[in-house]
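# Structural features, examined
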Amino acid sequence: MVKRYLSVISLAEARALMERSFVAVPGVARVPVTPGAVGRITTEPIFARFSVPAIHLSAMDGIAVRSADTHGASEQHPVTLPDAARVNTGNIVPPGYDAVVMIEDVWVESKSDDFSRSAPTEHREGETYTVRKPVSPWQHIRPVGEDIGESEMILPSHHRIRPQDVGALANYGVTEVAVRSVRAGLIPTGSELVPAGEMPPPGKVVESNTLMAAAVLAEAGVETHRYGIVPDDYDRIRDAVRRGVAESDILLISAGSSAGTRDYTADVVRDLGEVLAHGVAIKPGKPVIIGRIDGKLVIGLPGYPLAAATVLREIVLPHIARYGLPTREEEHVDARLTTSLHSDIGTDEFVLLSVGKIGDRWVTVPQSRGAGIQMSAVRSNGYMQIPSQKEGAEAGETVNVRLTVPRAEAEEAVLITGSHDPALDYLADRVRERGVDLHSTHVGSMGGVIALKKQECHAAPMHLLAPDGTYNTQYLERYMPGADLVLLCVAERQQGVISRDGLGFDDLPGRTFINRQKGSGTRILLDHCLAKRGIDPRSIPGYEREATTHLAVALAVRTGEVDAGMGVYSAAKALGLAFVPVATERYELAMHRAMLDDPRIAALVETVSSEAFKDILQDLGGYETDETGALRGPQE
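The paragraphs below set out a description of the structure included in this document. (Residues numbered from 1 in each chain as written. Predicted model: local features only at pLDDT ≥ 70, side-chain atom pairs only at ≥ 80, totals over all residues. Heavy atoms only, no water.)

The next point concerns the overall build of the chain. Across its full length, the chain holds 16 helices and 39 strands. Computed over its C-alpha atoms, the radius of gyration of the chain comes to 35 Å, more than 25% above the 26 Å expected for a compact globule of 636 residues. A principal-axis box enclosing the C-alpha atoms of the chain has dimensions of 115 × 70 × 45 Å. Looking at the chain residue by residue over its 636 residues, the buried ones come to 50%. For the chain, restricting intrachain contacts to residue pairs at least 6 apart in sequence, the fraction spanning at least 24 positions comes to 75%. Accessible surface for the chain amounts to roughly 28,600 Å². Of this, 50% is attributable to carbon and sulfur atoms. Charge-centre separation for the chain: the mean point of 65 positive side chains lies 6 Å from the mean point of 84 negative side chains. (Helix = DSSP H or I, 4+ residues; strand = E, 2+ residues; numbered from the N terminus. Rg over C-alpha atoms; globule rule 2.2 N^0.38 Å. Buried < 20%, exposed > 50% of the residue type's maximum accessible area, 1.4 Å probe, protein only. Contact = heavy atoms within 4.5 Å. Areas by Shrake-Rupley, 256 points an atom, 1.4 Å probe, with all protein chains shown as cover. Lys, Arg positive; Asp, Glu negative; His and termini not counted. Charge placed at Lys NZ, Arg CZ, Asp CG, Glu CD.)

With that out of the way, let us pick up the nonpolar core. As a rule of thumb, soluble globular proteins bury nonpolar side chains together. Within the largest apolar cluster, 39 residues are counted, with the highest numbers of intra-cluster contacts made by Leu-252, Val-280, Ile-299 and Ile-315. For this core, the elements supplying multiple residues, two or more each, are helix 1 (11-21), strand 14 (183-188), helix 3 (209-219), strand 18 (250-254), strand 22 (296-301), helix 6 (305-321) and strand 25 (348-358). At eight residues, the largest contribution of residues to this core is made by helix 6. Excluding its chain neighbours within four sequence positions, the residues that come into contact with Ile-299 are Met-18, Leu-251, Leu-252, Ile-253, Val-288, Ile-289, Ile-290, Val-311, Ile-315 and Val-316. (Core = buried A, V, L, I, M, F, W, Y, C linked by side-chain atoms within 4.5 Å.)

Time to look at the sheet that holds strand 19 (residues 274-278). Taken in spatial order, the six strands line up as 17-14-18-22-21-19 in an open sheet, and their pairing is mixed. Each edge of the open sheet is held by one strand with a lone partner, namely strand 17 (223-226) and strand 19. Between one strand axis and the next, the sheet turns by 20° as a mean value, whatever way the strands run. Pairing of strand 18 with strand 22, which is carried by five bridges, proceeds in the parallel orientation. Bridge pairing links Ile-250 to Leu-297 in strand 22. Sheet contacts for helix 3: strand 14, strand 17 and strand 18; angle to strand 14, the most-contacted strand, approximately 170°. Its contacts with the sheet put helix 4 (residues 234-247) on strand 14, strand 18, strand 21 (289-293) and strand 22, and the angle it makes with strand 18 is roughly 150°. (Pairing = 2+ DSSP bridges. Axes fitted to C-alpha atoms, helices over the stretch in contact; angles between N-to-C directions.)

What follows covers a nonpolar patch on the surface. Taken together, the side chains of Ile-55, Ile-92 and Val-144 present a nonpolar region at the surface, about 240 Å² in accessible area. Here Ile-92 is to be found in the loop between strand 6 (85-87) and strand 7 (99-102). (Patch = residues over 30% accessible without salt bridge, like charges linked within 9 Å, V, L, I, M, F, W, Y side chains within 5 Å. Salt bridge = Lys/Arg side-chain N within 4 Å of Asp/Glu carboxyl O.)

Two modes of strand pairing occur in sheets, parallel and antiparallel, and in both the strands are linked by backbone hydrogen bonds. Within the open sheet, the three strands sit side by side as 6-4-7. Their pairing is antiparallel. Single-partner strands in this sheet number two, and they are strand 6 and strand 7. Across this sheet, the average inter-strand angle for adjacent strands is 40°, counted without regard to direction. Note that strand 4 (residues 62-65) and strand 6 share three bridges and pair antiparallel. The residue of strand 6 that forms the bridge with Ile-63 is Arg-86.

Now for the packing of aromatic side chains. This model, assessed by the stated rule, comprises three aromatic pairs. Seen from their ring centres, Tyr-234 and Tyr-264 are 6.0 Å apart, and the 85° between their planes marks the pair as edge-to-face. Pair noted here: Tyr-234 is in helix 4 and Tyr-264 is in the loop between strand 18 and helix 5 (265-272), with a separation of 30 residues, a long-range link. On the basis of an interplanar angle of 70° and a centroid distance of 5.2 Å, the ring pair of Tyr-569 and Phe-579 is categorised as edge-to-face. Separated by 10 residues along the polypeptide, Tyr-569 in helix 14 (residues 569-574) and Phe-579 in strand 37 (residues 578-592) bring together distant segments of the chain. Tyr-569 sits in the partly exposed class, given a relative accessible area of 29%. One residue, Arg-292, lies across the ring of Phe-22, its end atom 5.9 Å from the ring centre. One Lys or Arg, Arg-523, reaches over the ring of Tyr-543 and ends 4.9 Å from the middle of that ring. (Phe/Tyr/Trp six-rings, centres within 6.5 Å; stacked < 30°, edge-to-face > 60°. Lys NZ or Arg CZ within 6 Å of the ring centre and 35° of its normal.)

Quick look at the packing of helix 9 (residues 423-432) against helix 16 (residues 611-620) now. A pair of packed helices can be characterised by two numbers: the angle between their axes and the separation between those axes. For the pair helix 9 and helix 16, the least separation of the axes is 11 Å and the interaxial angle reads 150°. Between helix 9 and helix 16, the angle is such that the two are roughly antiparallel. Taken as a pair, helix 9 and helix 16 cross one another with a handedness that is right-handed. Between helix 9 and helix 16, the residues in contact are Ala-423, Tyr-426, Leu-427 and Arg-430 and Ala-612, Phe-613, Ile-616, Leu-617 and Leu-620, respectively. For the contact of helix 9 with helix 16, the class distribution of residues is eight nonpolar, no polar and one charged. (Parallel < 35°, antiparallel > 145°, perpendicular 65-115°, else oblique. Left-handed = near helix turned anticlockwise from the far one by under 90°. Nonpolar A, V, L, I, M, F, W, Y, C, P; charged D, E, K, R; others polar.)

As a further point, take the pattern of salt bridges. The tally for this structure, following the rule as stated, stands at 43 salt bridges. A salt bridge links Glu-433 to Arg-430; its shortest N-O distance comes to 3.9 Å. Beyond isolated ion pairs, a larger network of salt bridges with shared partners links Glu-492, Arg-586, Glu-588, Glu-627 and Arg-632.

Tracing the backbone shows Thr-549 in the loop between strand 35 (546-547) and helix 13 (550-558). Take Thr-549: its relative accessible area is 14%, and that puts it in the buried class. Placed 93 residues apart in sequence, Thr-549 and Glu-456 show a C-alpha to C-alpha distance of 21 Å.

What follows is about unusual backbone geometry. Residue Val-52 is joined to Pro-53 through a cis peptide bond whose omega torsion reads -5°. Tracing the backbone shows Pro-53 in the loop between strand 2 (46-47) and strand 3 (57-58). Note that the residue after Lys-283, namely Pro-284, is joined by a cis bond; omega there is -5°. Looking at the secondary structure, you find Pro-284 in the loop between strand 20 (282-283) and strand 21. Of note, the phi angle at Ser-151 is positive, near 75°, even though the residue is not glycine. Within the fold, Ser-151 resides in the loop between strand 11 (141-142) and strand 12 (153-155).

That is the geometry; function is a separate question.
Below, the structure is given as structure tokens:
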């Protein structure tokens, strides 16, 4: 019988359920005073074991004196001291002395009648010391306990230990501290998993969810232990869960929470304890399990990475915060949404975003919403929540974005929207060292022109072929007449047929094919070439199938899904595929001319123009760099 979720509850209900079902009382651990203690929360006050300094020390190079002996000293009436002792900074002040005179204020007289204002390191027999100004008691002396006294409190309880605290604790004789302790066990399950670092064979995947979960929890100060991968075997999963519960305060089980025939997590939790909820109305992350075994929280994480990440952020971390552990406070910005998003009523949906500042306003571009596309989390720098009572958000609407990076870093973002090229990744790498964070969205050349027209990107990569054989300028004049624009040439690049067997353009009829999306420069070039040769697109199986990047085309060819596709030479070369050239086209970044005054765009232009970037293009192959870095207007 097919298993179903229990009644799906809302996110608010899930959080309330956890709050009333679990008492979040942290344990206590004693940890050594090392950099690893940073971020931990103290559970008791910490006191100095000894005074610092432990004895009176000189704060200056000079002579230790009895302050009373210097009374009345002046330039007119110098006083020769009956007794004094040479000291350097940090030296112990000998008993009987209560002040230090700086050496530059002392005349030192020796038996040879030589006078010196230098500072010899030792007292010489027969030296006498003359001063011309008095000193007050304890002047230029660091008294016992000036920094801290024995038994004085260093840190109170409930204090988050900082890097500067670690040095102070060590200096005051503390070797270990009592801190709040929450232990989380992480159990990965699934016969399809292989450990991180191994190349997965076909049908297998690298186990990464518990690695991500450990990083999320460690950032919040949770002690984590990752167990070995447990295959899809009910008894072995049950044994692993029983052990994990005994050794942890919280247990997270990765995968096995859905309703498939080999998803055992819910049954194991029910066997050993109780399932409080199976299914929360969030997207991604709906299959999450909330359970209790021996009074401890057990979470069944969905297998998809973005679903697991959502559960960690929206369900697990709020619970961790109840232990009094620090969770990162997100910064928020209000941003203009570039693309309409539709969502199901009754579900809280979380959408990953790229957000950047264009002029004085924030703009945000949605990343892919697929729960299994882990790179969406890598590429994003923020996210938004579509509440359960809303059907979505419209393009142009102002939405609240929760930043996953510091606001200052988000302000470094440059939004690049339009045509894809593998060189953009290398450009992003080169420009990052100049404080610019490049975020590319691949919507095709025409999609980029539209985004540029709406001022929803900083620059639009394009390679649009006009009927007269020129590139880009006619389209900008048609769709953005009167706009003050500039084109930055990235390179002239080779487009052609990518295949495993060296197929040419005339070989395409009858061959399975993968196309680029409508509005892309590659699609326009393909249609131009088909019309020129009199080839009917309907004669090419797969003409309607679309990919958004050149690498996606090349991958479909290499895996044997299709016989051929149109793309750039660098993509074919990267995957070891045959390439038959069709055209050389001009790939440029279109932008409003005013953008050149933006330091981020200035850095981008300089990077494109650099010899280092041109060398990268040459290594990638299929690029001509004579025009790389050239700027021109649409009329040029």
